[in-house]
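Examining the three-dimensional arrangement
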Amino acid sequence: MTKYVYMFSEGNKDQKDLLGGKGANLAEMTNIGLPVPPGFIITTDACRYYMKNDDVPAQLAEQVTESVQKVEQQMGRTFGDPKNPLLVSVRSGAKFSMPGMMETVLNIGLNDETLAGIIEMSGGNERFAWDSYRRLLQMFGKTVLEIDGDKFADALDAKKAARGIVNDPDLTAKDLSELVDEFKAIIKEETGEDFPQDARTQLDMAVVAVFNSWNTERAIIYRKRERIADDLGTAVNVQTMVYGNLGEKSGTGVCFTRDPATGQRGVYGDYLENAQGEDVVAGIRNTLPLAALEELDKKSYDELLANLQRLENHYRDMCDIEFTVENGKLYMLQTRIGKRTAAAAFRIAVHMLDDGLISEDEALERVTGAQLTSLMFPQFDADADRELLAKGMAASPGAAVGEIVFDSEQAVERKGAGAKVILVRRETTPDDLAGMIAAAGILTSRGGKTSHAAVVARGMGTTAVVGAEALLINAEANTVTVKGKVLRKGDVISIDGGTGEVFAGDVPVAPSNVTRYFEEGLDAALEAVSDEGERELVTAVHRFMTHADEVRRMGVRANADTPEDARRALAFGAEGIGLTRTEHMFLGDRREMVEHVILADSQEERDAAFNQLTPLQRGDFAGILEAMDGQPVTIRLIDPPLHEFLPDLTSLAVKRAINEDHGISAPEIDTLYTAVNRMHEANPMLGLRGVRLGLKMPGLFDLQVRAIAEACVERIQAGGDPQPEIMVPLVGDVKELTIVRERAQATIDKVAEESGVELSIPIGAMMELPRAAVTSAVLAEESDFFSFGTNDLTQTVWGFSRDDVEGAFFTEYMDAGIFEVSPFESIDVQGVGELVRQGVNGSRSTKPDMKLGVCGEHGGDPDSIHFFEEVGLDYVSCSPFRVPIARLEAARAMIEAGMDASA
């Protein structure tokens, strides 16, 4: 019989697949002796069964009953007993943290009969009992019965307004008992049924509601954003209730073992007196700093700090903890590896390394290319004129500028229109997720560093400022008032997630200190930075990049078309150029020369155009080879569709028609129209381009090869060490490559003979057609190297254009789950990736030492880099800015491969 339920004492932190992250960590805390309220975990297997069969497993009810009985024995209370009732919470807990995306129900087991027992248990605290009951009704109604949560919230607000109070704790027992009656009436009106009084019915319904919450819209959106698989399912954690709302000696909080925004050691978190856990993360009441607990309850505070240190040492990482104090007794309700900002990730990993808790490789595994990317984004210029509007808590760093929007729908709409937006809310809820994803930044007037807005923004890497209390937000009127100034929807503001500052208008930005490090070096960057935290960050990045370069197997090159691009790439750590696109060199003033080549009536005319272009091309290549002296430079021969160098056929047709209407004779227009029309293609992206153009007009490739060879001679004669490589694009058949290669080699030999300089220039192919991949063993006989052009390979595998597809049908494909991420952003491992694998295996079956690389956009994508390490490519090539990211991820991929091999 399948075991679907585990007591906390039966699990451990390594069982996240089965018990979910929350359940596995509750089990771990129990086993190391921390004060965890007893409970049990319903596994992800049960959720997956439910999703497949639309019903819970037959064995689940009996296993839950047995587990409830074990908790009853531990607690000396009975579930559903009117005199000595046991109440439980029911919480979701997936393998990967999804903060606020799924459901929680507190106080399960409370009803009209057990209410008296709760009052007696609390020493006659009627207010506490009624408060707990109204919370159950509110959460159960919204979460389990799917009633609009605003109906309960509106009733609660109306009660406070009638009493002339602002905060929930100021409501009396009588007020709360009246709210209970109102909430029951709402449930009856909305469902046609009374609130279920049977404790076990409540529990079973809550469990199913948590299962269902796995597939809510916001959970699906979050999983897509975080690339979490849809079939994992969630566990359900059933835990004995402890009460932070028993009075002034009780409370609840969320805290971190280090500052999740900066990574610094200290006391960080939020605490609320006389509250239950959801009050803290919901941001509906502004919290006290965690340090305030020391004055309120020093015993609990000291015990909490000791537990924090114990957990950090045990997990060897920064931990995120939820806790409750019940009448002066501390309980640990949850721990997990805490979400952190990019800067905090680098600092914490260095601290852990220096403390001897982790190795250099483990430290490198703790930081990601995505985090490094965010550190390289520009920051606000501190020297610019700025109008400070307000200051809140620095929740998630970055410099965000955008139009004010006040709800999720506005954010999505304006993002779709191409605008950058700042989502401004009193507090965010899980229902705001779509808007949070669309926003460049998030700003709230309530909440602390553990509020929903702060936690989700940090996880997504989105700039956020929370708890800016000076902001008076009127979402209904679409206004925010601060310092007597009224800002409206569409007004531009700037928020600094590193300082918590909010500025009016568009504040100028300056390069980040991390980017300065890559461009100018460590010493120059440290000299320019006075802030100790920033100096520590720059030094941490330097340490990790140094170790990454020692660890990684794959080389990292850059895509660069100019000497300036090449020099920038070198500054960022590139070890050569993996793609120089020569078509960019034929634009502007040179386009007309190419047009003459294509439309020439005679070979003499064509040769004259070639003679004009050759010295210009030689100068292009000479500059790049000089900038990248001693490093390989892969130069792709001209590739784009022919029509890009010809006049527009439609425009010529219009000119002809106008001339005919006016009786004007323009033979040059007629001749040009006839020539262009002759060359016209219905689908030029699949037509006369790449190697086909080189075969139809061999002189075009000849001039490029000559220019490369002559530029190479110039560098050698000047004492340099040029390392050019010639790459033939869009090859599909070995005969194409043979013809082009023979002509190219003949040109190289002729230049060598003319100059008296010995030349050895590798000639390879760009693998961007499926046929090339599956015939790579044959192609390798005529090629010195291969570079996978995964942009075109993705187009030809899928049969769609990257220039058109995202606006045409990608939204529907993403919504339907066909794509979790664009295959142009991250490689399609099953399709395109399989062809890459075939290309690698085939080519190396012919030439075991064949040099293989990739030069598409995927060369800078972290997930794709891990795949390229797996299949054994020698290098990746990406844009200069992404070179550091590729260096870091290539090392992480190597470490990951080693860990998998050892496992």
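Refer to the structure printed above.
Residues numbered from 1 in each chain as written. Predicted model: local features only at pLDDT ≥ 70, side-chain atom pairs only at ≥ 80, totals over all residues. Heavy atoms only, no water.

1. A word on the sheet that holds strand β1 (residues 5-7)
- The sheet built from 5 strands is open, its strands ordered β1-β2-β7-β5-β6 with antiparallel pairing. With partners counted over all chains shown, the strands left at the sheet margins are β1 and β6 (104-108), one partner each. Within the sheet, the average angular offset between the axes of one strand and its neighbour, ignoring direction, is 20°.
- Two strands pair when backbone bridges link them, and strand β2 (residues 39-42) and strand β7 (residues 234-240) are joined in this way by 4 bridges, in the antiparallel orientation. Its bridge partner lying in β7, Ile41 is registered against Asn237.
- The strands touched by helix α1 (residues 16-31) are β1, β2, β5 (88-94) and β7; relative to β5, the strand with the most contacts, the crossing angle is about 125°. (Pairing = 2+ DSSP bridges. Helix = DSSP H or I, 4+ residues; strand = E, 2+ residues; numbered from the N terminus. Axes fitted to C-alpha atoms, helices over the stretch in contact; angles between N-to-C directions. Contact = heavy atoms within 4.5 Å.)

2. Some details on the packing of helix α35 (residues 832-846) against helix α36 (residues 862-871)
- Close contact between α35 and α36 brings their axes to 10 Å; oriented N to C, the two are set at 30°. Classed by the angle they form, the pair α35 and α36 counts as roughly parallel. Judged by the twist between their axes, the crossing of α35 over α36 is right-handed. Residues Gly833, Val836, Arg837 and Val840 of α35 touch α36, and the partners they reach there are Phe867, Glu870 and Val871. (Parallel < 35°, antiparallel > 145°, perpendicular 65-115°, else oblique. Left-handed = near helix turned anticlockwise from the far one by under 90°.)

3. Some points on the packing of aromatic side chains
- A full pass over the atoms with the stated rule returns 17 aromatic pairs.
- With centroids separated by 5.0 Å and ring planes inclined at 80°, the aromatic side chains of Trp798 and Phe819 adopt a geometry described as edge-to-face. On the criterion of sequence distance, the pair formed by Trp798 in helix α32 (residues 790-798) and Phe819 in the loop between α34 (810-815) and α35 is long-range, its members being 21 residues apart.
- Given a relative accessible area of 33%, Trp798 falls into the partly exposed group. (Phe/Tyr/Trp six-rings, centres within 6.5 Å; stacked < 30°, edge-to-face > 60°. Buried < 20%, exposed > 50% of the residue type's maximum accessible area, 1.4 Å probe, protein only.)

4. Section: the state of the cysteines
- For the structure on display, the rule yields 0 disulfides.
- Sulfur of Cys319: no disulfide; nearest cysteine sulfur belongs to Cys255 and is 9.9 Å away. (Disulfide = S-S within 2.5 Å.)

5. Topic: helix α16 (residues 408-416)
- Among all positions in α16, only Ser408, Gln410 and Ala411 are buried. Down the axis of α16, the buried side of the element spans an arc of 160°, and every buried residue falls inside it. In α16, those exposed residues whose orientation departs by more than 90 degrees from the buried face are Glu409, Glu413 and Gly416.
- If you check the start of α16, you find a side-chain oxygen 3.1 Å away from the backbone N of Glu409, and it comes from Asp407.
- Looking at the residues trailing α16, positive phi occurs at Gly418, about 95°. (Arc of directions from axis to C-beta. Polar contact = N/O pair within 3.5 Å; in protein donor to acceptor, adjacent residues only side chain to side chain.)

Remember that the coordinates give geometry; whether it matters functionally is a separate question.
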